[in-house]
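One-letter residues, chain by chain:
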Amino acid sequence: MHFLHGCYVAPTRNLPAVRSPSPSDAIPRRSRDCISAKPELGPTAGGGAAAVGPTAGGYTGKDMQFRTGNEIRELFLRFFETKGHRRVHSSSLVPANDPTLLFTNAGMNQFKDVFLGAEKREYSRATTSQKCVRAGGKHNDLENVGFTRRHHTFFEMLGNFSFGDYFKKDAIAYAWELVTSPEWMGIPKDRLYVTIFEGDAEVPRDDEAEQFWIETGVPKERIFTYGRKDNFWQMGETGPCGPCSELFYDMGIEAAETPGVDKPFGQDDARYVEIWNLVFMQFDRSASGPMGNVTYKLTPLPKPSIDTGMGLERVAAVLQGKLSNFETDLFTPLIERAEELTGKRVTEKELEEQTRTADDNAASLRIIADHARAATFLINDGVLPGPNERGSVLRKIMRRAIRHGKLLGQEKPFLNQMVYAVRDLMQGAYPELIEAAPRIARVVEAEEKQFDRVLRIGAGKLDQELVTARQSGSEPILQGDVAFHLYETFGLPEDFITMASRDAGIAFDKEGFETAKETEKARARASWKGGSQKTASPVFRDLARTDFLGYKQLNATNAEVLAIVKNGAGVPSAKAGDQVEVVLDHTSFYADSGGQVGDTGHFTSADGNTTVADITGCVMPVQGVRAHKATLKQDLAVGDHVNTVVDGGRRDSIRRNHTGTHLLHAALRQVLGTHVKQAGSAVEPTRLRFDFSHFAQVADEELQEIEDIVNREILANAKVETLEDVPIDVAVNEYHAMALFGEKYGDKVRVVKLSDGFSTELCGGTHTSATGEIGLLKLTSESAVSSGVRRVEAISGLGSLDSFRRDFEVAKLAGQYVPSVDNLADGLRAKFAAQEEELKRLRRELDESRMKTAAGGLDDAVQRAVDVKGVKVLTHRADQLERGQLRTLVDNLKAKVGEGVVVLASAQPEGRVAIIAGVTSELSKRVQAGKLVGAVAKIVGGSGGGKSEIAEAGGKDQSQIDAALQAAPQIVADLLS
């Protein structure tokens, strides 16, 4: 289906005031109207579907009741809880530990490792309402948003999942019950259609699903078959996959793609809306063969699984009797707020339309409402506008919303106020927005101001490109790749570029622009393959979790060897000298996770007398399974028993730095504000690194205060308390533990509390038993990582002592030059300041001396001026003068000449040449200083230019300075001719 995009509309200038948000801003005017509306069933439309009554798309039937978006979300989750499903929190929009995915774009993303066999959960059934974004990378709906009834950048995906538990029969029965039962959604059965996979050469027709739908009560004539494109799902090139079955709702003839034209199911995508997709994961797709000749094979999974997705916004439109998602109470409060901020209002009929004309304000309001949701949630989840992949997509979303605000007439920052409207609307389901909204609004406002500056720069760049195009030939054209660069880099709208080209009388290469656009989209899709992650190796996947004993002990005895992996494949045994990965039934080795590096050490024989292997690291290829990177000293076989011995000194250093990281995080929030959130970390034996969200460089005074707070807590030697297996709701809501950005947590978590609540975080790392064991923490650097993210590095324990010793040696040396001073730093500053003042005085005296010398020869220079076609031309050499001094001399000589041309040249340090030309105002139309200085500069191997009355140039051949000055009169003569 294709939708019309409108032309650029010059924004008006009658601006409404941008006021502060108030609680009343979230009251949905249109929602109140539609709650009271009770549309009746209209006459039967073609195809057996009932048409809607007074409210378009508003058929409710006797059992379907109006439900708010919040009620629908809760209804879905509660239904599946009654079916034995675990309610699981939405994961972050930034996928945890998944570099293949740009943003979380489906409910199954947080369970991806479970489906791949790389993670085990304590439950086999789950239900979620998942935050999703589709804007960038492989899944990109950005360009459609605002011009259709149902495309969004941010949306919520309701889902139920089975991990090897129930399969097709129960999934279909649950779906039909929830959707049609009067106790739940009560959607009329005669409004619903079902699709199944039609089959192909690789996978047969899904007769099984069809039979189960019929058994639930779906008439056979309402079940349709479609091919692989529509009804087969796979995670990537390899991995779990299977047929899917979709549930569609007939919105009625009022929703038809062509108004009034009654088409059957399958021929009108606007009328028949997919509301639920049931994916039956029953195969594992594997690849084999050399690159370029890869073959794929489907193998039935031993435990088939279920992954479903229902769009909250779509089903809200159904249950609220609306044709467009944007008419539901999930959007109307935001649209009303956008109307207030831009001064443009639209009717409900305009809001319902899905195409845009040149004067359609509704599309712009829809875009602002949608993009405000996406920006708010992305920033809350740690994404910041910037040059990286995720940051650039967020920036595009925000700038598109800002541009549409300008189309509506709002030239001032306004999108930051929409953040509070999103908070007021969504805080019930996402209470974290309450605290985060002010921080998010500051980020949005900063981007609004930045975009305003970029637009001004971009408009100037466009003007330059149009001038270049005009000079390119008799039929000037603005090349498509050039225009796309302005579009992509500076955010200049395509229609703005088109209009500017037309106004300048220059053709616009529309085809080249679209080609460049598609090339960039292909590049983005290639960069983010959206799930081409392989299933975990069966060697690790089929192993039981490793029992980790390392929180309480460094050594573990009589550990059984469960697996040995060599070159990626499991082997029954390995020889001395081999480098392998060894999995044990229990271990004291900590594996890389949560920013903390894994332990090193060695294995000994069961009797402890000999070393079996040196361990250089420990990792988790599958969640809960620890693989030790080993260099064998003796032969080793599966079934053998060893003792694990961790390097205790190294572990102690890591523990000090990890506990120090928690103290540092709390101190940063105390000094800089609660907007500070962890954005990454590294905990190593020799140092710690901590990345965090903050908008400015941390001042030296603030760093000192942070360091003081941390070390006071260390000196207090407070107990470090760890709580095991705490329900995540209890940890977050009762203990107020901080969950860290980018981490993935289970239902039971480990809580680390420091200094009686000074810091409380969810953490699986190793820590000291008391803060005093850290010894001392010293900050060593503070720097920028990216826009809105700062980094501090620090050392602790013996590392701090080594740093102190080095600094003490430096201080002893400095003390020799600043004797008898209590504060060495202040003494050094004073000494350096005094020396700097002395240098400035000497420089001034030298400059004055040079100027006097140069000025002394001005009268002689005036006398040497030559007449060129009635114009006085004065040339003079004044070496070692700065450009500012040269400009002063030019002005003085122009005054002495009265009317004429002055050319000065000067030998500069490092072999450089400076040339300045001045032309009195009366002559500047005949002789332009820019052209003159450029011609003179060529003689000394340089170039330059400038204004008509004064211009500067540089060169690099000092041996030609005199020749250049001698040539100046002839150059003036050429310019006069």
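Each chain carries its own residue numbering, running from 1 in the written order of its sequence. In view of the model being predicted, local features appear only for residues whose pLDDT reaches at least 70, and side-chain atom pairs are presented and counted only at 80 or more, with totals across whole chains, interfaces and linings using the full set of residues. With hydrogens and water set aside, each side-chain value is computed from the structure's full complement of heavy atoms.

**Concerning the nonpolar core**
Met185, Ile187, Trp213, Trp276, Leu415 and Ile497 are the most contacted members of the largest nonpolar core, which totals 117 residues. Note on conventions: DSSP H or I runs of at least 4 residues are helices, E runs of at least 2 residues are strands, and numbering of each starts at the N terminus. No other element matches helix 13 (residues 432–470), which puts 13 residues into this core. In this structure Trp276 touches Phe76, Phe80, Asn160, Ala175, Leu178, Val179, Ser245, Glu246, Leu247, Thr308, Gly309 and Met310, once residues within four positions along its chain are discounted. Remark: nonpolar core denotes a set of buried residues (Ala, Val, Leu, Ile, Met, Phe, Trp, Tyr, Cys) joined through side-chain atoms within 4.5 Å. In this scheme, a residue with accessible area under 20% of its type's maximum is buried, one over 50% is exposed, and one in between is partly exposed, where area comes from a 1.4 Å probe on protein chains only. Contact between two residues is taken to exist if any of their heavy atoms lie within 4.5 Å; hydrogens are not considered.

**Comments concerning the side chain of Ser605**
With respect to the element layout, Ser605 can be found in strand 18 (residues 601–605). Given a relative accessible area of 14%, Ser605 falls into the buried group. A 3.5 Å cut-off defines polar contacts: any pair of N or O atoms within that distance qualifies, except that in protein one atom must be a possible hydrogen donor and the other a possible acceptor, and neighbouring residues in sequence count only when both atoms are side-chain atoms. Side-chain polar atoms of Ser605 contact the backbone nitrogen of Asn609, separated by 3.4 Å. Discounting residues that sit within four places of it in the chain, Ser605 has contacts with Thr610, Val612 and Asn643.

**Here we look at the environment of Ser91**
Tracing the backbone shows Ser91 in the loop between strand 1 (86–87) and helix 3 (112–116). Contacts of Ser91, omitting those with residues within four sequence positions, involve Thr104, Gln110, Gln130 and Lys131.

**Examining the sheet that holds strand 35 (residues 950–955)**
When DSSP finds two or more bridges between two strands, those strands count as paired. Across the sheet, six strands lie side by side as 30-31-32-33-35-34; this open sheet has mixed pairing. The sheet is open, and its two borders are formed by strand 30 (866–868) and strand 34 (943–946), each paired with just one other strand. Direction aside, the axes of adjacent strands within the sheet are offset by 20 degrees on average. By the bridge criterion, four bridges tie strand 34 to strand 35 in an arrangement that is antiparallel. By the bridge assignment, Gly944 is partnered in strand 35 with Ala953. Each axis is a line fitted through C-alpha atoms, and for a helix only the stretch in contact is used; angles between axes span 0 to 180 degrees, taken between their N-to-C directions.

**Overview of the environment of Pro219**
Within the secondary structure, Pro219 sits in the loop between helix 5 (207–216) and strand 5 (223–226). Through-space distance from the C-alpha of Pro219 to that of Asp190 is 9.5 Å; in sequence the pair is 29 residues apart.

**A look at the sheet that holds strand 27 (residues 759–762)**
An order of 25-26-27 is seen for the three strands of this open sheet, with the pairing classed as antiparallel. Looking at strand neighbours, the two that pair on one side only are strand 25 (720–727) and strand 27, the edges of this open sheet. Taking the axes of each pair of neighbouring strands and ignoring which way they run, one obtains an average angle of 20 degrees across the sheet. As judged from the six bridges shared by strand 25 and strand 26 (residues 748–754), these two strands associate in the antiparallel manner. Note that in strand 26 the partner of Val726 across the bridge is Val749.

**Focus on the pattern of salt bridges**
Criterion for a salt bridge: a side-chain nitrogen of Lys or Arg within 4 Å of a carboxyl oxygen of Asp or Glu. Scanning the entire structure with this criterion turns up 47 salt bridges. Between Lys510 and Glu514 there is a salt bridge, with its nearest N and O atoms 3.1 Å apart. Of this pair, Lys510 and Glu514 both sit in helix 16 (residues 510–527), four residues apart, which is roughly one turn of that helix. Across the salt bridge formed by Lys566 and Asp578, the nearest N and O atoms sit 3.3 Å from each other. In this pair, Lys566 sits in strand 13 (residues 555–566) while Asp578 sits in the loop between strand 15 (573–574) and strand 16 (579–584), placing the two residues twelve residues apart along the sequence. Since its relative accessible area comes to 31%, Lys566 is described here as partly exposed.

**Quick word on the confidence of the model for the protein**
The predictor's confidence in any single residue is recorded as pLDDT, a number from 0 to 100. Put simply, the protein has an average pLDDT of 84, and 87% of its residues get 70 or more. At the low end of the mean pLDDT range in the protein sits helix 1 (residues 29–36), at 34; at the high end sits strand 17 (residues 586–587), at 97. For the stretch residues 355–359, pLDDT sits under 50, and the model shows 13 contacts to residues farther than four places along the chain or on other chains. Considering only residues more than four positions removed or in separate chains, one finds that residues 527–533, a stretch of pLDDT under 50, has 28 contacts.

**Regarding helix 18 (residues 648–672)**
Expected span of a helix, by definition, is 1.5 Å for each gap between consecutive residues, and there is one gap fewer than residues. Along its 25 residues, helix 18 runs 36 Å from first to last C-alpha, staying within 8% of the 36 Å computed at 1.5 Å per residue. A large share of helix 18 lies buried, amounting to 21 of its 25 residues. Between a side-chain oxygen at the N-terminus of helix 18 and the backbone nitrogen of Gly649 the separation is 3.3 Å; the capping residue is Asp647. Where helix 18 terminates, the next one or two residues include Gly673, which has phi positive at roughly 130 degrees.

**Some points on the environment of Leu549**
Along the chain, Leu549 falls in the loop between strand 12 (547–548) and strand 13. When its relative accessible area of 26% is taken as the criterion, Leu549 is described as partly exposed. C-alpha separation for the pair Leu549 and Tyr590, spaced 41 residues apart in sequence, amounts to 8.9 Å. If sequence neighbours within four positions are ignored, Leu549 has contacts with Ala556, His586, Thr587 and Ser588.

**Side note on a nonpolar patch on the surface**
For patch building, the residue pool is restricted to those with more than 30% relative accessible area and no salt bridge; the joining distance is 9 Å between like charges and 5 Å between nonpolar side chains (Val, Leu, Ile, Met, Phe, Trp, Tyr). With residues, only the protein chains shown are counted as cover, and all accessible areas are computed by Shrake-Rupley using a 1.4 Å probe. A cluster of nonpolar side chains, namely Leu798, Leu801, Phe804 and Phe808, defines an oily patch on the protein surface of about 410 Å² accessible area. Of note, Leu798 is situated in helix 21 (residues 798–815).

**Side note on the side chain of Thr328**
Here Thr328 lies in the loop between helix 7 (312–319) and helix 8 (332–342). A relative accessible area of 0% places Thr328 in the buried class. Not counting residues up to four positions away in its chain, the partners in contact with Thr328 are Glu313, Ala316, Ala317 and Gln320.

**With respect to unusual backbone geometry**
We note that Asn558 has phi near 55 degrees; this positive angle belongs to a residue other than glycine. Among the structural elements, Asn558 can be located in strand 13. By relative accessible area, Asn558 is classed as partly exposed at 47%.

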